[in-house]
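# Breakdown of the fold
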Amino acid sequence: MAELTVVGKPVTRLDAHEKVTGEAIYGYDLVLPNMLYGKVLFSPKPHARIVRIDTEKAKRFPGVCAVITGEDAPWTHGESIKDKPFLAQGKVRYIGEPVAAVAAADEDTAQAALKLIEVEYEDLPAYLDPEEACKPGAIPIHEDFASYRKMEFIVARPGMPNVCEHFKLRTGDVGKGFRESELILEERYSVPIIQHAAMEPHSSHAQVDPKTGRVTIWVANDAPFRALHEMSEALGLPKEKIRFINPLQGGGFGSKGGLKVEPIAVALAYHTDGRPVRLKFNREETFISTLTRHETVLYIKSGVKKDGSICARQMTIFWGTGAYAEKSPTVCIRSSLPAPGPYRIAHVKVDGYAVYTNKPVAGSFRGYGIPQGAWACEQHMDELASRLGMDPLEFRLKNVFVEGDTSYWGEKLHAVGLKETMMKAAQAIEWGKKDQGSGVDPFGTLRANPEHSRGIERSKGLRTGKGLACIQKPTRTPTTSQAGVRVNSKGEMTVLAGTVEIGQGCNTILAQMAAEELKVPIDKVRMHPLDTDVIPFDASTTSSRSTYHMGNAVRRAAIDVREKIALMAAPMLEAKKEDLAFSEGKVCLKDQPEIFLTIGEVIRRKMGPDAVLRGDGSYTYEIGKDLDLETGHSEHASAFYMYATQAAEVLVDEETGRVRILRMSAAHDVGKAINPLNCVAQIEGGLAMGIGSALHEHLVLDNQGKVRNPSFLDYHLATSLDLPEMIPIIVECTEPEGPYGAKGLGEPGLAPTPAAIGNAVANALRVRIHDLPLTPERVFWAIQKGKTKPA
C-alpha cells in the first residue's frame, strides 16, 4: 500500500468549528415557515382498553388546527414486527403511550388543548417482569400477534405468551459437557432499564403536500433509508412519495433509529392542509415515550476442568422488550449469540427470549445488548477463576479466541486482536503489581501514600481491587452502503454518503478516506447534507458498521472518480494512465513530478468551467449469511468482529458502600485507526457512559409501571467528577476487507465497562454483586450480607 498522507492522522473534525461556535443547526432547533406546533397526550395506564375518547372541546379551542386519535391515523409500523400504532388503537400498553395529538398555532395553545381531551379507560392486567409475562397462563399483551407482519427470522415460542422472539444456539451436547466437568457453577445476573440520555431530546417536523400527497419529514434519524422504508410500508405509499431530510443530531446512542416521534408528526400533518408540523418532546416525554435499553435477566451455568478449560456453558436470557417489539428481536438474536463470551467452548446452549411487558419500549442502545451479556459472563468468569484458584487474566488467556479459531456458532475467526487487548489493558493498570499509590484521597479519608494494590486494604474501611472484562461484538450482516464522490473544476470534493453524523465523527473519517485516494488536502473535502432525494442508499448508521461498510463504498467512489480524472489527464500530460500519480491536489508524472496539472484544471479543460465529475461506489459483504434458526450457526455471521478489554482499579468504602474508580484502561482492536484522535475520543466517551451505567443509572418504575425519575434531576448520569484516570489504548489487528484495514469502534466502548468495575469491586470486597447499578446502598448491603455468607 502506498504511503498514507491523510488516513491514520489525527485530523481535526470537519464540524468542530460550527459546533463549538454554536452555528450548527440541530433538528431540535429547526424552524420552518408557517409551521404549527404539536403536542401529545400520553397514557396514564400501563395496560387498559380505551372505552371512549372525546376531543370536541379540544377541537373548538382557539388556535387549534387539528386534534387526532388512533381513529384518525389507522396505521401501524415496525421493523422486525409490524405491531406499533402511530397513536394507540383500542388499547394502551404502557404508561407514556401516545393516545392523542394536537397541532396548534403555538405550544402553549396545544398544551392547553390537550387538557380538554377526555379519555375513559378499562384496566387490564399489567406485566412488569419479563419472566412473569412469559409464564404459561399470562394474558397476551398483543392479542393479534399471530396476524402481525413479521420478518422471516422471527421465531415465537409456543406455550410462552408474550415472547416475540426466541433465539436458540445449540453446539455440541451441554449435558455431556457438564458430566465431563470437574466444577460446575450456576448464577443469576440482572441489568436494569436505563435511558439513552442524549443531549438533544427527540423531535420531528412533517409536511404533507395537499396536491401531490408527498410526505416530507425533517428528523435527526440515524437510518433515514430504513425509516423511509418503514414509513412507506406503514402508509402504503411508494418510497418516491416520501422524503427524509436529516438535520444535525445531538446524540442518539441508538435511540433515534426507526420511527419514534415521526409517525405522530406525519399523522398530524395529514390534517393541517399542507402546513408543516413540529413535534418536540421535552426531557420527560423523551424518557417515558421513546426508547430505553433492555432490562435483562441472565442465567448462566458453566462446567470447567481443574486446569481451567471450559467444557460447557448454558445461558437463558430474558430481554424485557417493553410494550412493542421495536428492535428487540434483533437485539435478542445478535446479543444472545456471543453472550457466552469470546472463548473456546465445545458445548454451548443458549436460549434468548424477547418478552413483551407493559413498560416503555426497549430497543437499540450503544452496544446492542453486548453490555448485558458481558455483565453476566465476565463476572461469571471471575467467579470460576476464584473457585479454581486461578488468576482471572490467566484463566481468560487459556480459553480466549485467537486467530484461526472456529467459534461456537461455526465461524472461522480472523483478525482477532483480543489477546493483545487483554495484555495491554491489564498492563496499563499494573495487574498483579503491589506498589505505592500516589497519595490521592478520593474520599478525603486516606493517609498519604496508601498501599495501592490488587485486593489489599489501604486503610480501615477502605479497600482497593482490580478487575477486567473482555468482549467480542459482531456487526449487522449482510448490509449495503453506496456512495458518490463529486469533484468540481476547482478541485474541490463533495462526498455523498448516507452515514449520519451523530457525534461519532463519521464525516471526518469518510472525508479522510476520500482525500487519501485523490491525495487532496482535507480542507478541500466537504460532506453533502443528508437528503434521501439526493444521497445514495445506506442501510443505517448503526452496529459500528459505517467506517467499514461506508468507508469501503466511499473509497471505491473516490477510486472511480480518480480513474476518470487519470484518463482525462493522460493525453494532456502526454503519458499513459499508469504512469500518472496524484499528489497534493495535482496529477503528475510518477518519474517527473514537476510536470503536473491540478485536478481542477484537468476537469476544466475536458468538461468546462462549471463541470462536476462524479464517481460511484458500493460495498456489500457478499458472503454474509443469516444464522440458522434452529442451531444459531453461520459460517459468516458477521463481516468483522470488534474485540476489546477494559480493566479497572477501584476503591470501595466499606462503611458507606461508595465505589470510586481510581483508573481504568480500555484496549480496543480497531483494525486500523483512520483517525487516532477520534478513536481516543470514542473510547473515552464509551468509558464515561459505561461508568454511568455501572455506578448510577437506573430508570426507576413503580409497581404500576410509571417512571419515577424522568429527568436529569433524579436520573443520575456520570459527570466529570465521577470519572477516573482513563487510559485509552488502540490495538491495530488489520481486517483484510476493511478500508485500509479498519474495523468499527463506536459501540464496544461501554460494553465491558460495568463488568470490569464489578469484578474490581468483588476483588476488593470478596463479595459478588449480581445486579446493576453498583450504588452505595446496594454495595453496602452486599457487604453486610457477605459478612455472614461468602460470595
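Once a new chain begins, its residue numbering starts again from 1 and follows that chain's sequence as written. Local features in this predicted model are restricted to residues of pLDDT 70 or higher, and side-chain atom pairs are both shown and tallied only at a pLDDT of 80 or more, whereas totals for entire chains, interfaces and linings draw on every residue. Excluding hydrogens and water, the side-chain figures rest on all heavy atoms present in the structure.

## A few points about the sheet that holds strand β8 (residues 118-123)
- We call two strands paired when DSSP finds no fewer than two bridges between them. Runs of H or I in DSSP of at least four residues are treated as helices and runs of E of at least two as strands, each being numbered from the N terminus. A sheet is described by the order of its strands in space; here three strands give the open sequence β6-β2-β8, paired in antiparallel fashion. Strand pairing shows two members of the sheet lacking a second neighbour, β6 (91-92) and β8, which therefore form its edges.
- Judged from the two bridges that link them, strand β2 (residues 48-54) and β6 form a sheet pairing that is antiparallel. Note on β6: the bridge partner recorded for Ala48 is Val92.

## Structural notes on the environment of Pro392
- Looking at where Pro392 falls in the secondary structure, it is placed in helix α11 (residues 392-399).
- Counting along the chain gives 14 residues from Pro392 to Glu378, while the straight-line C-alpha distance between them is 9.7 Å.

## Structural notes on the pattern of salt bridges
- A side-chain nitrogen of Lys or Arg and a carboxyl oxygen of Asp or Glu constitute a salt bridge if their distance falls within 4 Å. All told, the structure shown has 47 salt bridges when counted by the stated rule.
- Between Arg278 and Glu107 there is a salt bridge; the shortest N-O distance is 3.7 Å. Within this pair, whereas Arg278 is found in strand β14 (residues 277-280), its partner Glu107 is found in helix α3 (residues 107-114), the two being separated by 171 residues in sequence.
- Judged by relative accessible area, Arg278 falls into the buried class, the value being 10%.
- Assessed through its relative accessible area of 31%, Glu107 is described here as partly exposed.
- Note that Glu132 is salt-bridged to Lys135, the shortest N-O span being 2.8 Å.
- Burial status follows relative accessibility: with a 1.4 Å probe on protein chains alone, a residue under 20% of its type maximum counts as buried, one over 50% as exposed, and anything between as partly exposed. Owing to a relative accessible area of 39%, Glu132 belongs among the partly exposed residues under this scheme.

## What about the domain arrangement of the protein?
- Segmentation into domains, and thus their bounds, comes from an automatic or database assignment. If you check the domain split of the protein, you get domain 1 (16-24 + 479-620), domain 2 (31-126 + 200-250 + 256-289) and domain 3 (417-473 + 639-788).
- One C-alpha centre belongs to domain 1, the other to domain 2, and the line joining them spans 39 Å.
- Contact definition: two residues touch when any of their heavy atoms are within 4.5 Å. Taken together, the contacts link 17 residues of domain 1 with 15 residues of domain 2.
- For the pairing of domain 1 and domain 2, the buried interface totals around 1400 Å² over both sides, and the portion due to carbon and sulfur atoms is 57%.
- Buried area is calculated as the accessible area (1.4 Å probe) missing from two parts once they are joined, with the contributions of both summed. Its largest share of buried area at the contact with domain 2, domain 1 owes to Leu530, Thr532 and Asp533, together 35% of the area lost on that side.
- The interface formed by domain 1 and domain 2 contains three salt bridges.
- Note that Arg243 is salt-bridged to Asp533, the shortest N-O span being 3.4 Å.
- Identification of polar contacts relies on pairs of N or O atoms within 3.5 Å, with a donor-acceptor requirement for protein atoms, meaning one able to donate a hydrogen and the other able to accept it, and with residues adjacent in sequence counted only if both atoms are side-chain atoms. Joining domain 1 to domain 2, the criterion identifies six residue pairs in polar contact (both at pLDDT 80 or more).
- Amino acid classes used here: Ala, Val, Leu, Ile, Met, Phe, Trp, Tyr, Cys and Pro are nonpolar; Asp, Glu, Lys and Arg are charged; the rest, including Gly, are polar. By residue class, the composition of the side of domain 1 that touches domain 2 is eight nonpolar, four polar and five charged.

## A look at the side chain of His166
- Counting through the fold element by element, His166 comes out in strand β9 (residues 163-171).
- One polar contact links His166 to Asp351, side chain to side chain, over a distance of 2.8 Å.
- Not counting chain neighbours up to four residues away, the residues in contact with His166 comprise Val155, Ala156, Arg157, Asp351, Gly352 and Tyr353.

## Notes on the packing of aromatic side chains
- Here a pair means two rings of Phe, Tyr or Trp (six-membered ring of Trp) with centres within 6.5 Å. Their orientation is stacked below 30 degrees between planes, edge-to-face above 60, and tilted elsewhere. This model, assessed by the stated rule, comprises 18 aromatic pairs.
- Pairing Phe401 with Trp409 gives two aromatic rings, centres 6.3 Å apart and planes at 85 degrees, and the pair type is edge-to-face. You'll find Phe401 and Trp409 in the same group, each marked buried.
- The aromatic ring of Phe178 is capped on one face by Lys301, whose charged end is 4.5 Å from the ring centroid. Ring-over charges, as used throughout, are those where CZ of Arg or NZ of Lys falls within 6 Å of the ring centre and within 35 degrees of the ring normal.

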